[in-house]
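For reference, the chains in residue letters:
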Amino acid sequence: MNREYITQYSPCLNRDMHMLVYGHSGLGMLVFPCQDAMCDNYECFGMIDTLKDFIESGQIQLFCVDTVDCESWSDINGDKEHRAYIQEQYYYYIVNEVVPYIKNTYHVDKLITNGCSLGATHAAITFLRRPDLFDGVIALSGCYDAMHFWDGWCNSTLYYNSPVHFLAELPLDHPYIELYNQKKIILSIGQGAWQKEGIRTLNIIRDIFRQKGIDGWLDFWGYDVDHDWPWWKKQMLYFLPYVLNKD
């Protein structure tokens, strides 16, 4: 399996950031790691091994990025405005630096976002804010209310990183709705341990999708499906064939 480790300086974040690339061709997947983790998260927890048949056969190519969660989502004692600013700079790092690099260097025709837990939150935020850049999203066990991490606080910066808020106010004639309906959207949650906020916020997203006429596969798995890697691996194997289907 092709594996590349890349280090690049980010002007948006004013630091070196890292990316691991797995595979040589196929559908590009921009992978966000779990909370506070780095680009080796999928490899360390066995997801790369789970997906190796798809990778080695050239069906998918993964681009796994670092996070700065420890300064934004996780810094519960930090200044809230600064935390929101760091998250917004991370978003700009992804769309203005990472995506152009992937498309220009690897000539990827199609690119989706993907992640588990807080990685799913990042994947959903990035896709929903820029459906013109991405062809879909697979988000597993995300929480889509940023205010949950900011102790109920919100400003205009954090608002755009909180899908339950910015989607709710999207006009019915907004051009993004037509774009969403041309893509493959998968937001999934189990109903077992450590899934409470994910269930609550995905129910809100489901209601918004219905109100706005947005098509998406919003999938609630069983009460035994916990917020953990064994289930995320099963879900990835379940959802990938749908995303790869060209029909």
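Residues numbered from 1 in each chain as written. Predicted model: local features only at pLDDT ≥ 70, side-chain atom pairs only at ≥ 80, totals over all residues. Heavy atoms only, no water.

Caption draft 1: Focus on the side chain of Ser188. Relative to the helices and strands, Ser188 resides in strand 7 (residues 184-189). Here Trp221 takes part through its side chain, which lies 3.5 Å from a polar atom of the side chain of Ser188. Not counting residues up to four positions away in its chain, the partners in contact with Ser188 are Ala139, Leu140, Ser141, Leu202, Asp219, Trp221, Gln235 and Phe239. (Helix = DSSP H or I, 4+ residues; strand = E, 2+ residues; numbered from the N terminus. Polar contact = N/O pair within 3.5 Å; in protein donor to acceptor, adjacent residues only side chain to side chain. Contact = heavy atoms within 4.5 Å.)

Caption draft 2: Looking closely at the pattern of salt bridges. The tally for this structure, following the rule as stated, stands at eight salt bridges. Salt-bridge contacts for Glu43 lead to Arg3; the nearest nitrogen and oxygen are separated by 3.0 Å. Here Glu43, found in helix 1 (residues 41-44), pairs with Arg3, found in strand 1 (residues 3-10); they are 40 residues apart in sequence, far enough to count as distant. The exposure class of Glu43 is partly exposed, given its relative accessible area of 34%. Taking the relative accessible area as the measure of exposure, Arg3 reaches 46% and is therefore partly exposed. The partner of Glu71 in a salt bridge is Arg15, with the nearest N and O atoms 2.5 Å apart. Placement of Glu71 in the loop between strand 4 (60-65) and helix 4 (80-106) and of Arg15 in strand 2 (residues 15-22) is noted, with a sequence separation of 56 residues between them. Note on Arg15: relative accessible area 24%, which makes it partly exposed. A single salt-bridge network, built from bridges that share partners, covers Asp145, Glu197 and Arg200. (Salt bridge = Lys/Arg side-chain N within 4 Å of Asp/Glu carboxyl O. Buried < 20%, exposed > 50% of the residue type's maximum accessible area, 1.4 Å probe, protein only.)

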